[in-house]
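Next come the chains, spelled out residue by residue.
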Amino acid sequence: MRAPENHRRANLLMSRIALGLLVFTIIAFGMKAYFHPEVRVRYIPIVILHAGVMLTWLALLVIQPLLIVTKRVKWHRTLGAISLGLVGAMVASGAIIAVNIGRELGRPEVTVVNIAAFVTFLPLYFLAVNYARSKRVHEHRQAMLIATLALMTPAYARVVQVMELPDPVAIGVQVPITVVIACAYDWVVKGHITREVMWMLAFSVAVIFVMVAVLAIWFL
């Protein structure tokens, strides 16, 4: 009974973390729209589409572990297969918006930061799919979590902007938040930090450092 109960707790914890990310994202973008109403003119169809697919992704991350807990494995696998199309829409719309907003604001660094998020996300997403096929469930969940945390920079940025802090603060907080959440989940579920999670975090952090180095060379 112990193993199934631990498996259940791990899935419930993952769902709660995902719910926290979903609520935080809604609040962050809502605050930005409320305190800086001028940004609402940017809510063109492609932006609304991107917001929709990103929120759907976070909602999916909430639902998928619950489907396992309630033994609806077939639904879990079906939604997992559908997620490939969702990811395609996320990447395509995200890339278009990243390029457009960089041109609109005259700030190519915004484009670089947003593209870097997907440079981290995509390999981890496909790694998670591979882990699922290999029935390495814990690694699958962690890859999905760390991949999703890589996409949170825009949400952090909205809070930073509302607080009137320098934009780079959003990048600065991303690393510790990602590391703390992933390591805390590993510690609660496994009692230690697994090698696979250390490698996934190393990759995620490395992309950020490379991005910062590119921006430093570009602008200094």
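We now examine unusual backbone geometry. Of note in this structure, lysine 135 is not a glycine but carries a positive phi near 60°. Note that lysine 135 resides in the loop between α4 (108–133) and α5 (137–149).

Take helix α3 (residues 73–105) next. Taking 1.5 Å of rise per residue, the 33 residues of α3 would be expected to cover 48 Å, and the 45 Å separating its terminal C-alpha atoms lies within 8% of that figure. Most pronounced at serine 83, the bend in α3 amounts to some 30°. Next to the buried residues of α3 lie α2 (45–69), α4 and α5. At the C-terminal side of α3, glycine 106 shows a positive phi close to 65°.

Close approach of charged atoms lets side chains of opposite charge pair. Taken as a whole and assessed by the stated rule, the structure comprises four salt bridges. Of the charged contacts, one joins arginine 42 and glutamate 104 as a salt bridge, the two residues approaching to 3.1 Å between their closest N and O atoms. A residue pair is termed long-range when its members are at least 10 positions apart, and arginine 42 in the loop between α1 (2–35) and α2 and glutamate 104 in helix α3 qualify at 62 residues. Linked by salt bridges that have partners in common, Arg136, Glu139 and Glu196 make up one network.

Enumeration according to the criterion identifies seven aromatic pairs in this entry. A ring pair is formed by phenylalanine 121 and tyrosine 125, whose centres lie 6.0 Å apart and whose planes are at 20°; its orientation type is stacked. Of this pair, phenylalanine 121 and tyrosine 125 both sit in helix α4, four residues apart, roughly one helical turn. According to the relative accessible area criterion, phenylalanine 121 is buried, its value standing at 0%. Cluster of aromatic residues (ring-pair linked, three or more members): Trp57, Phe118, Phe121, Tyr125 and Phe126.

An ideal rise of 1.5 Å per residue puts 36 Å on 25 residues; α2 measures up with 36 Å between its terminal C-alpha atoms. Within α2, burial applies to His50, Val53, Met54, Trp57, Leu58, Leu60, Leu61, Val62, Gln64, Pro65 and Leu67. Downstream of α2 by a residue or two, lysine 71 has a phi angle that is positive, lying close to 65°.

You can see threonine 153 is positioned in helix α6 (residues 153–162). Relative accessible area serves as the criterion here: at 6%, threonine 153 is assigned to the buried category. Within the structure, threonine 153 has its side chain in polar contact with the side chain of glutamine 174 (distance 2.3 Å). Once residues lying within four places of it in the same chain are set aside, the contact partners of threonine 153 are Val113, Ala170 and Gln174.

Conventions we followed
Residues numbered from 1 in each chain as written. Predicted model: local features only at pLDDT ≥ 70, side-chain atom pairs only at ≥ 80, totals over all residues. Heavy atoms only, no water. Helix = DSSP H or I, 4+ residues; strand = E, 2+ residues; numbered from the N terminus. Expected span 1.5 Å × (residues − 1). Bend = angle between axes of the 7 residues up to and from the residue. Contact = heavy atoms within 4.5 Å. Salt bridge = Lys/Arg side-chain N within 4 Å of Asp/Glu carboxyl O. Phe/Tyr/Trp six-rings, centres within 6.5 Å; stacked < 30°, edge-to-face > 60°. Buried < 20%, exposed > 50% of the residue type's maximum accessible area, 1.4 Å probe, protein only. Polar contact = N/O pair within 3.5 Å; in protein donor to acceptor, adjacent residues only side chain to side chain.

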